[in-house]
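Here's the letter readout for the chains.
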Amino acid sequence: MAMVMDLGFLSYDDYSAMDAVTTTTTTTTSTTTTTTSSTDEGCNWNDWSPVVDWEALSGDQEDFQNLIDSMIDENNVVLQQSIRPSYVHEEYNNQSPEYNMATDEDSKGLRLIHLLMEAAEAMAGANKCRELARVILVRLKELVSPTDGTNMERLAAYFTDALQALLDTAAGGAKHALGGGEHHRSDVLAAFQLLQDMSPYVKFGHFTANQAILEAVAHDRRVHIVDYDIMEGIQWASLMQALVSRKDGPPAPHLRITAVSRSGAGRRSFGTIQETGRRLTAFAASIGQPFSFHQCRLDVDETFRPSSLKLVRGEALIINCMLHLPHFNYRAPDSITSFLSGAKTLNPRLITLVEEEMAPTSDGGFVGRFMDSLHHFSTVYDSLEAGFPMQSRARALVERVFLGPRIMGSLARIYRARDEEGGYSWGQWLGAVGFRPVSISFANHCQAKLLLGLYNDGYRVEELTTNKLVLGWKSRRLLSASIWTSQDSDL
Amino acid sequence: MDTNSKFLHTIANPRINTNGGLLHLDMQPTTSSSSDSAAEGTGDAKWASRLLRDCAAAMSDKDSAKIHHLLWMLNELASPYGDTDQKLAAYFLQALFCKATDSGRRCYKTLISVTERSHSFDSARKLILKFQEVSPWTTFGHVASNGATLEALEGEPSLHVIDISNTLCTQWPTLLEALATRTDDTPRLRLTVVAATAAAKSAMKEIAPRMEKFARLMGVPFEFTVIAGLNRLGDLTKDDLAVREGEAVAVNCVGALRRVDVEERNRVIETIKSLNPKVVTIVEEEADFSSNREDFVKCFEECLRFHTVYFEMLEESFAPTSNEKLMLERECARSIVRVLACDDKVEDCDSERREKGRQWSERLREAGFTAAAHSDDVVDDVRALLKRYRAGWSLLLPGEDGIYLAWKEEPVVWASVWKPS
């Protein structure tokens, strides 16, 4: 026979309900009964507050957190050293003499770096764990914002977003719109102007390339420049100015510029290529520079067809490749490869290449290159802040419009190449496929130094190889401009 | 290598295999998503369990750089108020940290005293009742044990139930009701409760009058005794229990034996045997923190396994913002610190080293007990009980050494019946 039991839910408290009932029905004057109705869970035994003291309970948790934090305390050198990777340690030491007095800001910065590194490791390191990466990014987002806080905090916000985009894509989500979507045209123009004013990043590339071009076409009557990414064309305004003002030598040669354009790019924030062409044409006319403008469309998959270029016999062909200025769509390596390979078949007089300079990481893998990228952009942020410490809104605009998308693109590139040995720069690639280096002239080098003189004195220029000038901030190299040719001519 | 570069080395050289070269995966840049899934491997195991186990291994290897690194990571990501992974990370981190800094005993005592300060009888009772309402974790043992006890004591006029358990007498109302309603001659019941912790002792002050009143209402002649003089269960003697002539003794141990220091367990079981009980009902959580107590990593993994199941069960049984769930989790936190970061013997503190049914069975047999299977009626009652709860619970009947409550096919609670051979 099965036992009949009110399974489990009968408790001795139910007595108090019954008790109350029996007492009231007998209407005794007994004072032993409870005060309750049946809804009260019983008790008369209430000499204290039953509320659980959460503060007391969570107190030990917070103390515990503090205990952990004290592990990362600057006073605890041994622990600190074992937590902070020396790799970053040194660079930060070099950058700021005040560093050794570790501040809250510094420790937060280090904490962010450490978290970012862990996230990168979890995404693509030896013990990949997407769940872990996701959780670390959640944590990072709690700690940072792209518009508030220190350089490191804002930078970390962009890197967090970039990693999140990689994670989403890798997990099979929709391809993240790299470049972060559209910006208002006025924002872009303003940001571009600000970037030029606040730093030599734009002009360094333009001036170095232009000087090399001027020297290369000193005796030519017709010059044809194919520009991979013309943007608003300011590089050519200054070239034309220089051509027109040449004191010695023949009159200004006829200048033809072909701008490479992407099909289906939609309306870019810089305005269409046609507008750039119109603007350049008008400017050329205004200074008396013989000029014509063309476009060359890439295929939908961004393959470059050299045959679609209109070439003229006797013209000096220049290939101009500015890869350091952010464009809103990340340039796939295939696109650049296609362009440069195609260009080689045309036997150009000169190739001018400007790109971000990343430190060579021999065995870094994804994490090593990620850290390098972090370091790179951190230096850029520092350089902008050093020059314009009070203009934080202006810098934030530049960060949002240019650097953020740049970070996104940089990480995407690193991630794609994560299992390849040793990243290469485009300069190395050019050398490898048979382009020959062209020496940077003394004049060019001097001009670069003069340019830097207009900005904060933390900027440096060095001639890394005979054909390459590198712009750096303090001890970190940021941008390189290199000159190449494909001919055997005695340039 | 010094610790810094060694640390950096472990991060910056993720794939140096024995050939010294980098692994080459099939890299087609345009189809990176497919190469990702190919390279996944065990990439998506739960992150908390990953980090925790790596840390335990590092502790066992005494790799201090790695230990610090993992503790730091866990600290960043853990939260006792987050999801299950975050909670497990938080509580196990606490234990790992205590172990690393040799502060387990201090931490445990602090946690105990905090709980005692802030809990009242009322809150403890509410907690137990709420838990019983949403999960059969404890009611399973009650139903199985009460059923077996009633059957074993059928026809006896004078019953003495010795209760060594942690459920604040919530098991006994149903027994009293059964005694009152099913037999014509209601037997006398003497209930002796062994309270070995301070919390239990003070709770008994509240419980005694309630039980007496309830028994009066049920019409069961009742005597209630509390043994509060013990500091530890291991000190229990036959004399403490003062069994009288002519009584039919039933001993009920729910979650009690695990609180006895491991070396004293056999002795306690012998003490129980010396009472010459008609039946002994034992209920314990199914986990083994005892046979592996010399092997930190093994013990850690078992502890993590068990508490992962427990926390997931809590998560699915309670409402998301339940206070009771939080309190139960904190109870686990104390238990985890006790098992992983404290010495076996801590004065005035319970053990917490659970053993599995199989292990307890061995001990009981050695002491001269024989297993008695639960009757079909009792098993039916248990099945009926489980139906009252959410899906996920089931009953496992592997053999004669007891029955198991299972959560999602994992055995979690063991209930058994023993008689002297």
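In case you missed it, the structure is sitting above this.
Residues numbered from 1 in each chain as written. Chains lettered and ligands numbered in written order. Predicted model: local features only at pLDDT ≥ 70, side-chain atom pairs only at ≥ 80, totals over all residues. Heavy atoms only, no water.

In this section: the overall build of chain B. Broken down by element type, chain B carries 16 helices and nine strands. Expressed as a percentage of contacts within chain B between residues at least 6 apart in sequence, the contacts between residues at least 24 apart total 75%. Accessible surface, chain B as shown: approximately 16,800 Å² in total, 48% of it carbon and sulfur. (Helix = DSSP H or I, 4+ residues; strand = E, 2+ residues; numbered from the N terminus. Contact = heavy atoms within 4.5 Å. Areas by Shrake-Rupley, 256 points an atom, 1.4 Å probe, with all protein chains shown as cover.)

This next bit is on the state of the cysteines. Residue and element names in this part refer to chain B. Here the structure, examined in full by the defined rule, presents zero disulfides over all chains. Sulfur of Cys98: no disulfide; nearest cysteine sulfur belongs to Cys107 and is 3.5 Å away. Here Cys349 stays unpaired: no disulfide links it, and the sulfur of Cys342, its closest cysteine neighbor, is 7.5 Å away. (Disulfide = S-S within 2.5 Å.)

Quick look at the nonpolar core now. Membership of the largest hydrophobic core comes to 182 residues, with the highest contact counts inside it found for Leu163 of chain A together with Leu340 of chain B. Top element by residues in this core is helix α7 (residues 151–170) of chain A. It accounts for twelve residues. Beyond its immediate stretch of four places on either side in the chain, Leu163 of chain A contacts Leu116, Ala119, Ala120, Met123, Leu137, Phe366, Phe370 and Leu411 of chain A. Formed by 36 residues, the second largest nonpolar core is a distinct cluster that contains Ala152, Leu153, Leu175 and Ala200 of chain B. (Core = buried A, V, L, I, M, F, W, Y, C linked by side-chain atoms within 4.5 Å. Buried < 20%, exposed > 50% of the residue type's maximum accessible area, 1.4 Å probe, protein only.)

Okay, the environment of Asn166 of chain B next. All names here are of chain B. Secondary-structure assignment places Asn166 in the loop between β1 (158–165) and α9 (172–182). The exposure class of Asn166 is partly exposed, given its relative accessible area of 36%. Measuring from C-alpha to C-alpha, the distance between Asn166 and Ala256 comes to 6.8 Å, with 90 residues separating the pair along the chain. What Asn166 contacts, discounting residues up to four positions off in sequence, is Ile128, Val254, Gly255, Arg258 and Arg259.

So, on to the packing of helix α5 (residues 104–124) of chain A against helix α4 (residues 64–77) of chain B. Where α5 of chain A meets α4 of chain B, the axes come as close as 11 Å, and the angle between the chain directions of the two elements is 95°. When the interaxial angle is binned, α5 of chain A and α4 of chain B end up roughly perpendicular. Contacts from Arg111, His114, Leu115 and Glu118 of chain A of α5 of chain A reach α4 of chain B at His69, Trp72, Met73 and Glu76 of chain B. (Axes fitted to C-alpha atoms, helices over the stretch in contact; angles between N-to-C directions. Parallel < 35°, antiparallel > 145°, perpendicular 65-115°, else oblique.)

Moving on, we come to the pattern of salt bridges. Counted according to the given criterion, the structure contains 46 salt bridges over all chains. Between Arg400 of chain A and Asp187 of chain A there is a salt bridge, with the nearest N and O atoms lying 3.1 Å from each other. Linking Arg400 of chain A in helix α14 (residues 392–416) with Asp187 of chain A in helix α8 (residues 185–198), this pair joins segments that are 213 residues apart in sequence. One salt bridge in this structure joins Asp350 of chain B and Arg259 of chain B, with 3.7 Å as the shortest N-O distance. Of this pair, Asp350 of chain B sits in the loop between α14 (323–341) and α15 (357–366) while Arg259 of chain B sits in the loop between β4 (248–254) and α12 (265–274); the two residues are 91 residues apart in sequence, bridging distant segments of the chain. When sorted by exposure, Asp350 of chain B lands in the same class as Arg259 of chain B, which is buried. Salt bridges sharing partners connect three or more residues here, namely Arg232, Asp235, Asp261, Glu263, Glu264, Arg267 and Lys345 of chain B. (Salt bridge = Lys/Arg side-chain N within 4 Å of Asp/Glu carboxyl O.)

All names here are of chain A. For the pair α8 and helix α9 (residues 201–216), interaxial distance at closest approach is 6 Å and the crossing angle is 75°. By the criterion of interaxial angle, the relationship of α8 to α9 is roughly perpendicular. Touching Phe192, Leu195 and Gln196 of α8 are Tyr201, Val202 and Lys203, all from α9. Of the residues that constitute the contact of α8 with α9, the class distribution is four nonpolar, one polar and one charged. (Nonpolar A, V, L, I, M, F, W, Y, C, P; charged D, E, K, R; others polar.)

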